[in-house]
Amino acid sequence: MYQEAYLAVETALKDATGAADVLLDDGGDHADLASTVAFALAKTEKKSPVVIAGDITKKITETLAAAGITVSTTGPYINFVFGTAYVAGVVEAAFQPDYGQLPDVSGRVCIEHTSANPNGPLHVGHIRNSVIGDTLSRVFRKTGHNIDVQYYLNDMGRQIAIVSWGFDFLDIPQNEGEKDDHYVARVYVAANRALKADPSIKEEIDRRMGLIEQGDPETVEKFRRAVSLCAEGIKVTLNRLNTPHDRFVWESGFVQDGSMVKILNRVEALPESSHDDILAVDLTECGFKKEYVLRRSDGTSVYAARDLAYHTWKGENFERFIDVLGADHKLIGAQLQATMKLLGEKAPEIVFFEFVSLPEGSMSTRAGKFISADELLDEVTKKAFDEVTTRRPELPEEERRAIAASVAVGAVRYDIVRVSQEKSTVFDWRQALDFERQSAPYIQYSHARACSILEKAGEFTPSYALSTESEIALAKHIGLFPVVLQTVMDELRPHHLAIYARDLADLFNAFYHADPVLKAEAGVRDARLTLVRAAQNTLSEVLQTLGVDAIRSM
RNA sequence: GGGCUUGUGGCUUAGCCUGGAUAUAGCGCCGGGCUUCUAACCCGGAUGUCGAGGGUUCGAAUCCCUCCAGGCCCGCCA
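What you see is a predicted model, and the numbers here were worked out from it, not measured in a lab.

This part takes up the packing of aromatic side chains. Within the structure shown, the criterion is met by 20 aromatic pairs. What links up through ring pairs into an aromatic cluster is the set Tyr-152, Phe-254, Tyr-303, Tyr-310, Trp-313 and Phe-318. The ring of Phe-385 carries the charged tip of Arg-401 above its face, separated from the ring centre by 4.1 Å. Residue placement shows Arg-533 over the ring face of Phe-95; its charged tip is 5.8 Å from the ring centre.

If you want it as structure tokens, here you go:
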């Protein structure tokens, strides 16, 4: 709908002016679209922009009127307002199930997100990765992509060697009811403490690192057990957050199947590679000062080597592959991309997000200094349950618990996704526990209100004759949903969708207060019910794309 | 030291890539609104040197340069 209207305006302006770029933007409060092309033409035509704007308006008014678009001039600005046909078209489209869903496109897309080291539970920093990655995944699905969501499990790292040492030498039993990943973190923290107190332990850790690379069965089994235990706990948290993965890819798999050695052999053949005693790629040509080390002088490989093999595999199986990574991976990520290109392989697209820190400083799993995602979810759920109990004491406890769970996940996700990813943030309990405007519960509440109206209304005949200011504003915003999805796709920045959802809820609430629905006279009632249904459907689709439950009552 | 990145009312934040009409919202503050479709709501008000300075332009929060401040990275760790 929007695309067609945009195109009609653009074509008319191009025909009238002959300009290649007719400088269209969204018009803000003034209009649905606005052009500042008159400024640009003022130089060449040696006339004032105001006169030019007037002339252009005269030329195109009639053509666009046929398309239901009103043209007007305010000083040098040419404004375009979409008419009733557009509004009706939007509401009709949004009335359909799956509004915003685009037809399937060919080519598989891999999105890798979270991929936190399995040495402890996910904390509030990790889940920024999960929420951004999962929201992008949902937007990709919504726009017709066949996607595979992956978690890369670093099961060969030093921290796993430390955990496995802790399990062998520290007698730390699991507490009653303690979640597996939290238990692993406790062992990890204790092992690190022991390591600090007695540096000779380092030798044993190094020995394990060598054994794991050689594929020593006993060591492999020890690592595997520790990693599995932690990963199972992490999966529970991911499911709670509505950020599930299609598969977990084990780092060690690329050593075992020989693909890492294969890719390292190809790297050795590169003119940019140096292999006196280590294997490294010289990336100074690509603007990097540091060489990219893949194999140590003792012959063992580093993480980057497995990463190269993993991404080569992705390139063989996916049209596009996107990694969501913390900003601390910017350098290593760029080096990976550069090396993949030198090898003639497709490079990953990388979405970076900045860090979440605590008011007292940055988080550290090793130091046990973090707020876990589980703790956050528990606290928010508790608050949500109290809220729902205050507001809806008549509901059975089971239902109140279900609402609280949906509200809590929504609140946590929205609090994260609403901020653009390039901003570093400080975790704030007050904000996390705020269920008012600019929160998912606010949007969920609008949706529940719409559902409530529709339930009370019963059957009605769809009608598209809208006229009041708040009706039109709401309908027009509904029409922007597909545009916003496209923006998120283009920029790989999901916060746009969060902002859109908040604005949509704002407009629905304004309409709700300004224009009565059920009590309106017959004809108006049908039209408003149609709008409510379209708004409810859009809110539901947006919430689902944000990974938030569109609950019907709260 | 070098690289990347952020700086918008007291706090949090959109807009910046692709320059344009009174800079987007929330929290907090002040004042109103529940006999009316769910008040997790709505309406109104106060609060801004868009980090600082220079430049480009008819026009700069937006582009360029310099500086200041915060975050991240610069390992034969992952």
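Moving on from the model shown.
Moving on, we come to the confidence of the model for chain A. Interpretation of this model should avoid reading the predicted coordinates in detail wherever pLDDT is low. With 100% of its residues at a pLDDT of 70 or more, chain A shows a mean pLDDT of 95. Within chain A, strand E8 (residues 273–274) has the poorest average pLDDT of any element, 88, and helix H5 (residues 126–142) the best, 98. Overall fold confidence (pTM) sits at 0.96, and the ipTM for the predicted complex is 0.96.

Glancing now at the sheet that holds strand E3 (residues 69–74). The strand order across the open sheet built from 4 strands is E1-E2-E4-E3, with neighbouring strands paired in antiparallel fashion. One side of each edge strand has no neighbouring strand; the edge strands of this open sheet are strand E1 (24–25) and E3. Across 2 bridges, the pairing between E1 and strand E2 (residues 33–35) is antiparallel. The residue bridging Asp-25 from the neighbouring strand is Ala-34, located in E2. Here helix H1 (residues 2–17) sits on the sheet and contacts E1, E2, E3 and strand E4 (77–82); the angle it forms with E4, its principal contact strand, is near 145°.

Okay, the protein's contact with RNA strand B next. The environment of RNA strand B is made up of 72 residues, and the closest members are Tyr-77, Arg-391, Lys-423, Tyr-445 and Tyr-512. What you see for RNA strand B is that sugar and phosphate hold 65% of its atoms within 4 Å of the protein. One of the side-chain N or O atoms of Thr-36 is found 3.2 Å from a base nitrogen in RNA strand B. Note that a phosphate oxygen of RNA strand B is positioned 2.4 Å from one of the side-chain N or O atoms of Lys-456. For the surface near RNA strand B, the elements supplying multiple residues, two or more each, are E4, helix H6 (158–169), helix H12 (303–317), helix H13 (330–342), helix H14 (373–391), helix H16 (429–432), helix H17 (440–457) and helix H20 (495–514).

For the rest of this paragraph, the subject is a negative patch on the surface. Taken together, the side chains of Asp-276, Asp-277, Asp-282, Glu-285 and Glu-291 make up a negatively charged region of the molecular surface. By the secondary structure assignment, Asp-282 is in the loop between strand E9 (279–281) and strand E10 (292–295).

Given 3.6 residues per helical turn, the α-helix brings residues three or four places apart onto the same face. Buried within helix H2 (residues 37–45) we find Val-37, Ala-38, Leu-41 and Ala-42. Considered in projection along H2, the buried side chains sweep an arc of 145° and stay on one side of the axis. Where H2 is buried, its residues touch H1, E2, helix H3 (49–66) and E4. Backbone geometry just after H2 places Lys-46 at a positive phi near 55°.

About the thresholds
Residues numbered from 1 in each chain as written. Chains lettered and ligands numbered in written order. Predicted model: local features only at pLDDT ≥ 70, side-chain atom pairs only at ≥ 80, totals over all residues. Heavy atoms only, no water. Phe/Tyr/Trp six-rings, centres within 6.5 Å; stacked < 30°, edge-to-face > 60°. Lys NZ or Arg CZ within 6 Å of the ring centre and 35° of its normal. pLDDT = per-residue confidence, 0-100. Helix = DSSP H or I, 4+ residues; strand = E, 2+ residues; numbered from the N terminus. Pairing = 2+ DSSP bridges. Contact = heavy atoms within 4.5 Å. Axes fitted to C-alpha atoms, helices over the stretch in contact; angles between N-to-C directions. Near = heavy atom within 4 Å. Polar contact = N/O pair within 3.5 Å; in protein donor to acceptor, adjacent residues only side chain to side chain. Patch = residues over 30% accessible without salt bridge, like charges linked within 9 Å, V, L, I, M, F, W, Y side chains within 5 Å. Areas by Shrake-Rupley, 256 points an atom, 1.4 Å probe, with all protein chains shown as cover. Salt bridge = Lys/Arg side-chain N within 4 Å of Asp/Glu carboxyl O. Lys, Arg positive; Asp, Glu negative; His and termini not counted. Charge placed at Lys NZ, Arg CZ, Asp CG, Glu CD. Buried < 20%, exposed > 50% of the residue type's maximum accessible area, 1.4 Å probe, protein only. Arc of directions from axis to C-beta.

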